[in-house]
Amino acid sequence: MIIYVLFFGLMGILLFTSNTGSIIDPATLSNKEIFSILWKGFSENLGLSLFLILGFFLFVMFVQSFFTAGAIGMAKKASETGDAGIFDMLVSSSKNTFRLFLSLLLITLLLLVGIIFIVPGAFAVGNMNTLIENPEASVNGIAALGIGVILWTVYIIILNLVLSLSSYALVIDELRPLEALSESFRFFTSNKLDVFLIWIITIGLALINGYVSEYVDMGNILFTAIISLVPIVILQPLTAVLWTRLYLTRKGRKLYDPSYLLSDPDNF
């Protein structure tokens, strides 16, 4: 969250700074003027803007890899021994962050490959002159573009489902990025129903939380804060534990039995 605030603050300074060097207050502008300033600021600083966006994207992905690797490492340790701590997170992060970063980068590139589905429709639509001169062809192009978007969406869903265990395979078995993607595909083909059910559960919980947050009383600061913390404090840890235990169980790993704690709590 701190990274996002810093980035958007930097972009705001870049886009809302006038030629005189003074900062323009967006509150004093209309929506049309704001969009005009945004586009002008972006176009005049195209190289710097693209560099900042790409750098921000890669940095956020690296930070995400650090904490994801740590969370999976903690979930693995807790599932196998019944306990885990911050030290386990740091150990797992130090060993797996860079490989997980490369793995996420590969998955992102694979997702972007799906852009080929919308290329024919985009060319068929053409520019505004084409729309005026040949509206019938442009309508057909818009239909093709819509079908392409649908196909790209289906491709993204399938790819996310098939590769949903790649991060867990990489951290738990300490695999290389390509090996993790391959192992995730093999795991999915052998456990389609289990993977699909947990994927549906995690997506469903996120949708329910989003639905509740839309109807939350924004005047109640405490309730708003609680709803905002649910994904961070509950949903993300729960998701990490569910996927980790599924992977360990289907791989035949021995998991910690909670009855050990109940039988001898002093040794926990």
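Here's what I pulled together on the structure shown here.

Thresholds, definitions, all that
- Numbering of residues starts from 1 in each chain and follows the order in which that chain's sequence is written.
- Selection of residues for local features in this predicted model requires a pLDDT of at least 70, selection of side-chain atom pairs for listing and counting requires 80 or more, and totals for whole chains, interfaces and linings are taken over all residues.
- Hydrogens and waters are ignored; side-chain quantities use all the structure's heavy atoms.
- Put simply, a nonpolar core is a bunch of buried Ala, Val, Leu, Ile, Met, Phe, Trp, Tyr and Cys residues held in one set by side-chain atoms that sit within 4.5 Å of each other.
- Accessibility here uses a 1.4 Å probe with only protein chains present; expressed as a share of the type maximum, an area under 20% marks a residue as buried, one over 50% as exposed, and anything in between as partly exposed.
- Every helix listed is a DSSP run of H or I at least four residues long, and every strand listed is a run of E at least two residues long, numbered separately from the N terminus.
- Residues enter patches when they are more than 30% accessible in relative terms and free of salt bridges; like-charged ones are connected within 9 Å and nonpolar ones (Val, Leu, Ile, Met, Phe, Trp, Tyr) within 5 Å.
- Only the protein chains shown count as cover for residues, with accessible areas throughout obtained via the Shrake-Rupley method and a probe of 1.4 Å.
- One side-chain nitrogen of Lys or Arg within 4 Å of one carboxyl oxygen of Asp or Glu is enough to make a salt bridge.
- Here, residues are in contact when the closest pair of their heavy atoms is within 4.5 Å.
- Geometry is summarised by axes, namely lines fitted to C-alpha atoms with helices restricted to the contacting stretch, and by angles between N-to-C directions that run from 0 to 180 degrees.
- Roughly parallel means an angle under 35 degrees; roughly antiparallel means over 145; roughly perpendicular covers 65 to 115; every other angle is labelled oblique.
- The crossing is said to be left-handed when, going from far helix to near helix, the turn is anticlockwise and less than a right angle, and right-handed when the turn is clockwise.

1. With respect to the nonpolar core
Phase 1: If you look at the biggest cluster of nonpolar residues, it comprises 30 residues, and the most contacted ones within it are L165, Y168, V195 and W243.
Phase 2: Broken down by secondary-structure element, the contributors of at least two residues to this core are α3 (46-81), α4 (86-113), α7 (135-162), α8 (166-172), α9 (177-190), α10 (192-214) and α11 (221-250).

2. A few points about a nonpolar patch on the surface
Phase 1: A contiguous nonpolar surface patch, about 810 Å² in accessible area, is contributed by L110, V113, I115, I116, F117, V119, F123, I147 and L151.
Phase 2: Those elements that provide at least two residues to the nonpolar patch are α4, α5 (119-125) and α7.

3. Let's talk about the pattern of salt bridges
Phase 1: Taken as a whole, this structure holds 8 salt bridges when the rule is applied.
Phase 2: Where E80 meets K76, a salt bridge forms, and the shortest distance between an N and an O atom there is 3.3 Å. Here K76 and E80 lie together in helix α3, a separation of 4 residues that amounts to about one turn.
Phase 3: Given the relative accessible area of 28%, E80 is considered partly exposed.
Phase 4: The residue R253 makes a salt bridge to D173 at a minimum N-O spacing of 2.3 Å. You can see R253 sitting in the loop between α11 and α12 (259-263) and its partner D173 sitting in the loop between α8 and α9, a full 80 residues away along the chain.
Phase 5: Using a relative accessible area of 24% as the deciding quantity, one classes D173 as partly exposed.

4. Regarding the environment of L235
Phase 1: Looking at the element boundaries, L235 is found in helix α11.
Phase 2: Given the relative accessible area of 14%, L235 is considered buried.
Phase 3: It is 7.4 Å that separates the C-alpha atoms of L235 and A206, two residues lying 29 residues apart in sequence.
Phase 4: Excluding its chain neighbours within four sequence positions, the residues that come into contact with L235 are L205, A206, N209 and V230.

5. What to know about the packing of α4 against α9
Phase 1: Their axes nearest at 8 Å, the elements α4 and α9 cross at an angle of 60°. Put simply, α4 runs oblique to α9. Crossing of α4 over α9 shows right-handed handedness. From α4, R99, L102, S103, L106, I107 and L110 reach across to α9, where they touch P177, L178 and L181.

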